[in-house]
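# Summary of the model geometry
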Amino acid sequence: MSAFTSPIEWIERGAVRMLDQTVLPTIERYHDYTDAEGVAAAIRTMVIRGAPAIGIAAAFGLALGLRRAVEEDLRGAALRARFDELCEMLAATRPTAVNLFWAIERMRRRFEAEAARVSPSELVELLVDEATAIHREDVACNRRIGALGAPLLHGVSSVLTHCNTGALATGGYGTALGVIRRCYEEGHPIRVLANETRPFLQGARLTAWECQREGIDVRLLTDAMAGHFMARGAIGAVIVGADRVAANGDTANKIGTYTMAVLAHVHRLPFYVAAPISTIDLSLASGELIPIEERAASEVSSCFGQPIAPEGVAVCNPAFDVTPGELIAAIITERGVARPPYDESLAALVARTD
Ligand code: MRU
């Protein structure tokens, strides 16, 4: 099986291509999107998912939407008004991952910097360039996170991970899974215990698929098995990604992450978070301010279209939870490894300009 590189790709003839993550691993299907509305729907329905990947998708969505507006002959204030609408539409797709808003703001800054200087069609090309740069830089960030994080796992023979944080969730390579990938590249193979990650099954469907393709030794667990294996000494560390990290280190990530952190704490195992600087939100003092997405009840009450609960039963489906910074041993970013107290260490990393 060949190594997988990126879930998203700009196609020169003016479309963005995405690998459909709703049907993996049984079907490998790609969709080409030519407008911002299609990209917004792809983010909402999780054709593309993972914090960095949805930021990249939104950036390309804005470039596509602007192209459409220029084709409709919108100019000046009308073009700017359409661009604002496109930003709002894409920002409304998913609330928790801050990378989405970070990427939209970066695209908006480029729009503002260039709009009065170049022609509308040149502006479109500059926004395509900006989105391409966001994509390219994300892969570079991931590789750096891998290089900085791998030493933390040297000497660990089995690591637990939750959700999917690999190439599929990013521009390519991965954050937490990128750290694991780097361990292999350095000749330190490590066994991955991958939680299935109810209800969307990113661990079973996506992490297991990526690990198999990369030749990474993986064992699939149901989420409820983690404590059993920790108690038996079969897990040496936990590493996960993040959707948003508050100034004090509190970290929103896929529902179930908090449970893993509490279990790791009880079993005195290091619990690591790997995420790019674009995932850190210093505007929020603590995790209770992070908006948590609530998804459709049907994701919990049925599985692959089959009901698994009585019809009409009330369901809870928060897509993310918040792990307190006190339970996190280190936050690995492309600019360095932050340790507690996070208020100081994260602010210092974000302030660095290199
Ligand atoms: O709902 P998802 O699949 O978008 O959630 C993804 C996660 O929770 C990931 O752990 C997080 O985005 C980090 S991806 C590098």
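Here the residue numbers are simple positions, counted from 1 along each chain's written sequence. Per-residue local features of the predicted model are confined to residues with pLDDT of at least 70, and side-chain atom pairs are confined, for both listing and counting, to 80 or more; whole-chain, interface and lining totals are unaffected and use all residues. The basis for every side-chain value is the complete set of non-hydrogen atoms in the structure, without hydrogens or water.

Below, the discussion takes up the domain arrangement of the protein chain. Examined at the domain level, the protein chain breaks down into domain 1 (8–140) and domain 2 (149–351). Bear in mind that the domain bounds are from an automatic or database domain assignment. Centre-to-centre, using C-alpha coordinates, domain 1 lies 26 Å away from domain 2. Facing 27 residues of domain 1, the contacting portion of domain 2 comprises 29 residues. Roughly 2,300 Å² is buried in total at the junction of domain 1 and domain 2, and carbon and sulfur atoms are behind 54% of that figure. Buried area: the sum, over both parts, of the accessible surface (1.4 Å probe) that disappears when the two are put together. Broken down residue by residue, the surface that domain 1 buries against domain 2 is led by Arg49, Thr96 and Val98, which jointly contribute 26%. The term salt bridge refers to a side-chain nitrogen of Lys or Arg lying within 4 Å of a carboxyl oxygen of Asp or Glu. Where domain 1 meets domain 2, there are 2 salt bridges. One salt bridge in this structure joins Glu293 and Arg94, with 2.9 Å as the shortest N-O distance. We call two N or O atoms a polar contact when they sit within 3.5 Å, provided that within protein one can donate a hydrogen and the other can accept it, with sequence-adjacent residues counted only if both atoms are side-chain atoms. If you look at where domain 1 meets domain 2, you find 17 residue pairs in polar contact (both at pLDDT 80 or more). Strands here are runs of E lasting at least two residues and helices are runs of H or I lasting at least four, both read from the DSSP assignment and numbered beginning at the N terminus. Elements with a minimum of two residues in the side of domain 1 that touches domain 2: α2 (51–71), α4 (98–114) and α5 (120–153). All amino acids are sorted into three groups, where Ala, Val, Leu, Ile, Met, Phe, Trp, Tyr, Cys and Pro are nonpolar, Asp, Glu, Lys and Arg are charged, and the leftover types, Gly among them, are polar. Counted by class, the side of domain 1 that touches domain 2 contains 15 nonpolar, 7 polar and 5 charged residues. Any two residues whose heavy atoms approach within 4.5 Å are treated as being in contact.

It is worth spelling out the sheet that holds strand β15 (residues 330–333) at this point. One bridge is not enough; two strands pair if DSSP finds at least two bridges between them. If you trace the 7 strands from one edge of the open sheet to the other, you get β6-β5-β4-β7-β10-β15-β16, paired in mixed fashion. The strands lining the two open edges of the sheet, one partner per strand, are β6 (218–221) and β16 (336–338). In this sheet, neighbouring strand axes are inclined to one another by 25 degrees on average, regardless of whether the strands run parallel or antiparallel. With 4 bridges connecting them, strand β4 (residues 158–161) and strand β5 (residues 191–195) associate as parallel partners. Its bridge partner being in β5, Leu160 is matched across the sheet by Leu193. All axes are obtained by fitting lines to C-alpha atoms, using only the stretch in contact for helices, and the reported angles, taken between N-to-C directions, cover 0 to 180 degrees.

Turning our attention to the environment of Arg80. Looking at where Arg80 falls in the secondary structure, it is placed in helix α3 (residues 76–91). When accessible area is computed with a 1.4 Å probe and restricted to protein chains, residues below 20% of their type maximum are described as buried, those above 50% as exposed, and intermediate ones as partly exposed. With a relative accessible area of 33%, Arg80 lands in the partly exposed category. Through-space distance from the C-alpha of Arg80 to that of Ala69 is 9.7 Å; in sequence the pair is 11 residues apart. In this structure Arg80 touches Phe111, Glu112 and Ala115, once residues within four positions along its chain are discounted.

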